[in-house]
Amino acid sequence: MSSKIYCTAQFKPKPGKEESVFQALQALEPNAHREDACIQYTVTRKIDNPFADGTSYPIVFHEIWADRASFEAHCQRREVQAFFAEYVEAEDGDVEDANVCVYTDEPADFDAPKL
């Protein structure tokens, strides 16, 4: 059974605030990488490409965590909560909208071995 948690966090900055939001998210990377259960934690920005012309928010975090508890502990870190309070939840924050989702790679009804 896989216990990994995959998180995709998309951010739509307010007009003219893309660089500010991108830099604020980049600042979260070094400390997240220090967390033992962090497998991947990378902020990216959307680029134009004729082979991938779908729609998305312009800034996306790709995260992989060893397990659900570690992901949830990460979300409760002061640094992460401060980002959301200042940039997402505050009326004068630089983020217009955010969409954070978690996923598993385990199929529904997976017959996981009992260890």
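What you see is a predicted model, and the numbers here were worked out from it, not measured in a lab.

Novice: Please explain the sheet that holds strand 3 (residues 59-65) as it appears in this structure.
Specialist: Within a sheet, neighbouring strands are paired by backbone hydrogen bonds and run either parallel or antiparallel to one another. Spatially, the four strands line up as an open sheet ordered 2-3-1-4, and their pairing is antiparallel. Edge positions in the open sheet fall to strand 2 (38-45) and strand 4 (95-103), since each of these has one partner strand only. Strand-to-strand, the axes of this sheet are offset by a mean angle of 10°, without reference to chain direction. Bridge count for strand 1 (residues 5-13) against strand 3 is seven bridges, and the pairing is antiparallel. By the bridge assignment for strand 3, Tyr6 is matched with Ile64. Docked against the sheet, helix 1 (residues 18-26) engages strand 1, strand 2, strand 3 and strand 4, running at close to 165° with respect to strand 2. Contacting strand 1, strand 2, strand 3 and strand 4, helix 3 (residues 68-75) runs over the sheet at an angle of about 135° to strand 3.

Novice: Can you help me understand the UniProt feature "domain: ABM" (unreviewed entry) in the protein in this one?
Specialist: Per the UniProt entry, the sites bearing "domain: ABM" (unreviewed entry) are residues 5-103 in this numbering. Between the C-alpha atoms that bound residues 5-103 there is a distance of 6 Å. The span itself is 34% helix and 33% strand.

Novice: Explain the side chain of Glu29 here, please?
Specialist: Mapped onto the fold, Glu29 is located in helix 2 (residues 29-33). No salt bridge is formed by the buried Glu29; its nearest oppositely charged neighbour, Arg45, is found at 11 Å. What Glu29 contacts, discounting residues up to four positions off in sequence, is Tyr41, Thr42, Val43 and Phe61.

The rules we used
- Residues numbered from 1 in each chain as written.
- Predicted model: local features only at pLDDT ≥ 70, side-chain atom pairs only at ≥ 80, totals over all residues.
- Heavy atoms only, no water.
- Pairing = 2+ DSSP bridges.
- Helix = DSSP H or I, 4+ residues; strand = E, 2+ residues; numbered from the N terminus.
- Axes fitted to C-alpha atoms, helices over the stretch in contact; angles between N-to-C directions.
- Contact = heavy atoms within 4.5 Å.
- UniProt positions renumbered as here; feature names shortened; annotations may be inferred.
- Buried < 20%, exposed > 50% of the residue type's maximum accessible area, 1.4 Å probe, protein only.
- Lys, Arg positive; Asp, Glu negative; His and termini not counted.
- Salt bridge = Lys/Arg side-chain N within 4 Å of Asp/Glu carboxyl O.

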